[in-house]
Amino acid sequence: MTDQARPPEADIPGKPTAASRTTLSHIMTHNDTNLLGTVHGGVIMKLVDDAAGAVAGRHSGGPAVTASMDEMVFLEPVRVGDLVHVKAQVNWTGRTSMEVGVRVLAERWNESTPAQQVGSAYLVFAAVDADGKPRSVPPVLPETERDKRRYQEAQIRRTHRLARRRAIKELRERRVAEGIED
Ligand SMILES: CC(C)(COP(=O)(O)OP(=O)(O)OC[C@H]1O[C@@H](n2cnc3c(N)ncnc32)[C@H](O)[C@@H]1OP(=O)(O)O)[C@@H](O)C(=O)NCCC(=O)NCCS
């Protein structure tokens, strides 16, 4: 990963957030449970990655791979029979990468209450060409005030990701240089 944020390609027309926003819905079954009988976190993470991947592909107009997933939060347990909705949208775009924000909601199978938010995550996808090399993406055009806030928050996360990665790299290089680790 490069250490500096690179501007998007000027010649690619932008796409509004709404153009690729996607919801993936799935009913949980007994195959999805952990030892407690509630839904396994990994099952939810797979749905999150699937929904985010669909959004990244639609926004970038081609294949995109997961580069990172962070701040995956599980707020409430999901149960067998619950109808889970995974809502994903592009929050931010760089030159070849996109941050996709995901919210996970559950409609309880035995309650007529509104869907409850049970989780959320942020994923970075890189658009790739046929050789798996990063390719440029259209800049996302946030339209609503909520989309604009999400864009600004994603920029903060991007800055922190790069700073953390750089700091850890420097620490490791320093320890190698000092002969503490090989
Ligand atoms: C993601 C991948 C394409 C990046 O390739 P790379 O040679 O490091 O390319 P770059 O350094 O140019 O990074 C490409 C973009 O991804 C971003 N990126 C790369 N790694 C990242 C990470 N760990 N976290 C956040 N962003 C990342 C870069 O910042 C860059 O964004 P920008 O162009 O918008 O500035 C490459 O590491 C890869 O193919 N990884 C495997 C992906 C995969 O198989 N996913 C499924 C997991 S099973």
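Residues numbered from 1 in each chain as written. Predicted model: local features only at pLDDT ≥ 70, side-chain atom pairs only at ≥ 80, totals over all residues.

Engineer: Would you take a moment to explain the overall build of the protein chain for this structure?
Structural biologist: Counting its secondary structure elements, the protein chain contains two helices and seven strands. Counting from the amino terminus, helix and strand elements in the protein chain follow one another as β-β-α-β-β-β-β-β-α. Referenced to the eigenvectors of the C-alpha coordinate spread, the extents of the protein chain come out at roughly 55 × 50 × 35 Å. Within the protein chain, the proportion of its 182 residues that are buried is 30%. Taking contacts inside the protein chain between residues at least 6 apart in sequence as the whole, the part at least 24 apart equals 73%. (Helix = DSSP H or I, 4+ residues; strand = E, 2+ residues; numbered from the N terminus. Buried ≥ 20, exposed ≤ 12 C-beta atoms within 10 Å, placed from the backbone. Contact = placed C-beta atoms within 7 Å.)

Engineer: Would you take a moment to explain the UniProt feature "domain: HotDog ACOT-type" (unreviewed entry) in the protein chain for this structure?
Structural biologist: Per the UniProt entry, the sites bearing "domain: HotDog ACOT-type" (unreviewed entry) are residues 18-131 in this numbering. Taken end to end, residues 18-131 comprises 18% helix and 45% strand; its first and last C-alpha atoms sit 29 Å apart. (UniProt positions renumbered as here; feature names shortened; annotations may be inferred.)

Engineer: Quick question: what am I supposed to make of the nonpolar core here?
Structural biologist: A general trend in soluble globular proteins is that nonpolar side chains are found buried together. Membership of the largest hydrophobic core comes to 33 residues, with the highest contact counts inside it found for Val48, Ala52, Val100, Val102 and Phe125. Not counting residues within four places of it along the chain, the set of residues in contact with Val100 comprises Ala52, Val55, Ala56, Ala88, Gln89, Val90, Asn91, Leu123 and Phe125. (Core = buried A, V, L, I, M, F, W, Y, C linked by C-beta atoms within 7 Å.)

Engineer: Any chance you could explain the sheet that holds strand 3 (residues 64-74) here in plain terms?
Structural biologist: Where strands meet in a sheet, backbone hydrogen bonds hold them as pairs that are either parallel or antiparallel. Reading across the sheet, the five strands line up as 2-4-5-6-3 and stay open at both edges, with antiparallel pairing between neighbours. Each of the sheet's edge strands pairs with one partner strand only, and the pair in question is strand 2 (22-27) and strand 3. Direction aside, neighbouring strands of the sheet carry axes that sit 25 degrees apart on average. Relative to strand 6 (residues 116-127), strand 5 (residues 97-107) runs antiparallel, the two sharing 10 bridges. When the bridges of strand 6 are listed, Glu99 appears paired with Val124. Together, strand 2, strand 3, strand 4 (83-93), strand 5 and strand 6 form the strand contacts of helix 1 (residues 41-60), whose direction differs from that of strand 5 by roughly 135 degrees. Packed on one face of the sheet, helix 2 (residues 145-177) meets strand 4, strand 5 and strand 6 and runs near 75 degrees to strand 4. (Pairing = 2+ DSSP bridges. Axes fitted to C-alpha atoms, helices over the stretch in contact; angles between N-to-C directions.)

Engineer: Looking at this structure, I do not really get the pairing of strand 4. What am I missing?
Structural biologist: Successive residues of a regular strand alternate their side chains across the two faces of the sheet. Summarising burial for strand 4: eight of the 11 residues are buried, a large majority. Sheet topology places strand 2 next to strand 4; six bridges connect them, and they run antiparallel. Bridge pairing in strand 4 links Leu24 to Val86. By the bridge criterion, 10 bridges tie strand 4 to strand 5 in an arrangement that is antiparallel. Looking across to strand 5, one finds that Val86 is bridged to Val104. In this antiparallel pair of consecutive strands, strand 4 and strand 5, the connection spans three residues.

Engineer: Explain unusual backbone geometry here, please?
Structural biologist: Positive phi outside glycine occurs at Glu71, with the angle close to 55 degrees. Mapped onto the secondary structure, Glu71 falls in strand 3.

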